[in-house]
Amino acid sequence: MSDEDETPDNRLRRELPEEVPAAAAGKPAPHHHAAPAPADDAGAGPAPTGRQRLAQGLWPPRVSRAQLIVALLLFGLGFGLAVQVASNSDSGSALRGARQEDLVRILDELDNRTQRLEDEKQGLEDQRTELENSSNQAAEARKQTAEKEKQLGILAGTVAAQGPGITLTINDTKGTVKADMLLDAIQELRAAGAEAIQVNGVRVVASTYLSDSGKGVSVDGNKITQPYRFKVIGKPQDLEPALNIPGGVVQTLEKEQATVTVDRATKIVVDALRAAKQPDYARSSSR
């Protein structure tokens, strides 16, 4: 086409874009978009995470009545065990700082006490066997009754006694030893197997009581002064260690600045006597 043929109308048509076919005119131009996500409920926030869903499931807890009862029982059991452990810890605190030789001595003392009980049990069983097997049961019964009377007389303080044992001497120049300390000594000696005890000429029996009296101590109303001398009949190998255990009688008295000596002897004589007392109310129940 020449420049002469180019009219203004042709020039305008060339500069405009070509007409779009009518069939495609109503269709929007294609756009590449991602598929829209499904819409949440109106006003809802972002979806909760797994940890949040776990927390929502655990709290608030849904506890049944049976589960609550079981939980209370378990709590009570745990509390009881804790109290028991604490009690055992308190009872063992006195031995926690003891030396090895002291612990061995305490163990020997417990073994000796157990052996004494076993020996006593065996002796009673032997007496029963003798009564059952004796051809003259009446004579055997009288013999055992007389022997038992002597033993009870020793315990009641109505007859004198002699045998191996120890002498415990307490010098209290400071006046700090009280009646309860001497009573502890008597109780410890009894627990160690003492069969007869005499303190400064006063026989100690089951009903004996001690009290403070001025600068001294009274035993069953009889005033005694230091030095306090205990004559004790029993097995020396049991009596002496019982007084010397850690935290025992000797250490307690020495803390009060008293001087304590324990001497073993093959023969101790306990000759202080008590008058036989008829009980006011107790009567024999045997027929």
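Residues numbered from 1 in each chain as written. Predicted model: local features only at pLDDT ≥ 70, side-chain atom pairs only at ≥ 80, totals over all residues. Heavy atoms only, no water.

> Honestly, the overall build of the chain in this entry has me stumped. Any pointers?
In terms of helices and strands, the chain carries nine helices and eight strands. Counting every position in the chain, which comprises 287 residues, the buried fraction comes to 23%. Taking the contacts inside the chain whose residues are at least 6 apart along the sequence as the reference set, 75% of them involve residues at least 24 apart. On the chain, roughly 21,400 Å² of surface is accessible, and the fraction owed to carbon and sulfur atoms is 55%. (Helix = DSSP H or I, 4+ residues; strand = E, 2+ residues; numbered from the N terminus. Buried < 20%, exposed > 50% of the residue type's maximum accessible area, 1.4 Å probe, protein only. Contact = heavy atoms within 4.5 Å. Areas by Shrake-Rupley, 256 points an atom, 1.4 Å probe, with all protein chains shown as cover.)

> Would you explain a nonpolar patch on the surface in this entry?
There is a patch of nonpolar side chains on the surface, built from Val-70, Leu-74, Leu-77 and Leu-81 and spanning about 400 Å² of accessible area. Here Leu-81 lies in helix α4 (residues 65-96). (Patch = residues over 30% accessible without salt bridge, like charges linked within 9 Å, V, L, I, M, F, W, Y side chains within 5 Å. Salt bridge = Lys/Arg side-chain N within 4 Å of Asp/Glu carboxyl O.)

> Would you mind going over the pattern of salt bridges with me for this structure?
Proximity of charged atoms lets side chains of opposite charge pair with each other. Per the stated rule, a full pass over the model turns up two salt bridges. Residue Arg-274 pairs with Asp-220 through a salt bridge whose shortest N-O separation is 2.7 Å. Here Asp-220 lies in the loop between β5 (216-219) and β6 (222-224) and Arg-274 lies in the segment after β8 (259-270), a separation of 54 residues in the sequence. Accessibility expressed as a relative area gives 24% for Arg-274, which makes it partly exposed. In this structure, Glu-240 and Arg-264 form a salt bridge, with 2.4 Å as the shortest nitrogen-oxygen distance. In this pair, Glu-240 sits in helix α8 (residues 236-243) while Arg-264 sits in strand β8, placing the two residues 24 residues apart along the sequence.

> Explanation requested: the nonpolar core in the structure shown.
When a protein is soluble and globular, its nonpolar side chains tend to lie buried together. Judged by nonpolar contacts, the single largest core of 32 residues is most densely connected at Ile-170, Leu-189, Ile-197 and Phe-230. Of all the elements, helix α7 (residues 179-191) adds the most residues to this core, at six residues. In this structure Ile-170 touches Val-177, Leu-182, Gln-226, Pro-227, Tyr-228, Phe-230, Leu-253, Ala-258 and Thr-259, once residues within four positions along its chain are discounted. In terms of nonpolar packing, the next biggest core, distinct from the first, is built from five residues, Ala-161, Ala-196, Ile-233 and Ile-268 among them. (Core = buried A, V, L, I, M, F, W, Y, C linked by side-chain atoms within 4.5 Å.)

> I keep staring at the sheet that holds β8 and nothing clicks. Help me out?
The strands making up a sheet are joined through hydrogen bonds of the backbone, oriented either antiparallel or parallel. One open sheet holds the five strands; their spatial order is β3-β2-β7-β1-β8, and the pairing between them is antiparallel. Lying at the two open borders of the sheet, with one neighbouring strand each, are β3 (202-204) and β8. Direction aside, the axes of adjacent strands within the sheet are offset by 25° on average. Inspection of the sheet shows strand β1 (residues 161-171) paired to β8 by 10 bridges, in the antiparallel sense. By the bridge assignment for β8, Thr-167 is matched with Asp-263. Of the strands in this sheet, β1, β2 (196-199), β3 and β7 (228-233) touch α7, which is tilted by about 10° from β7. (Pairing = 2+ DSSP bridges. Axes fitted to C-alpha atoms, helices over the stretch in contact; angles between N-to-C directions.)

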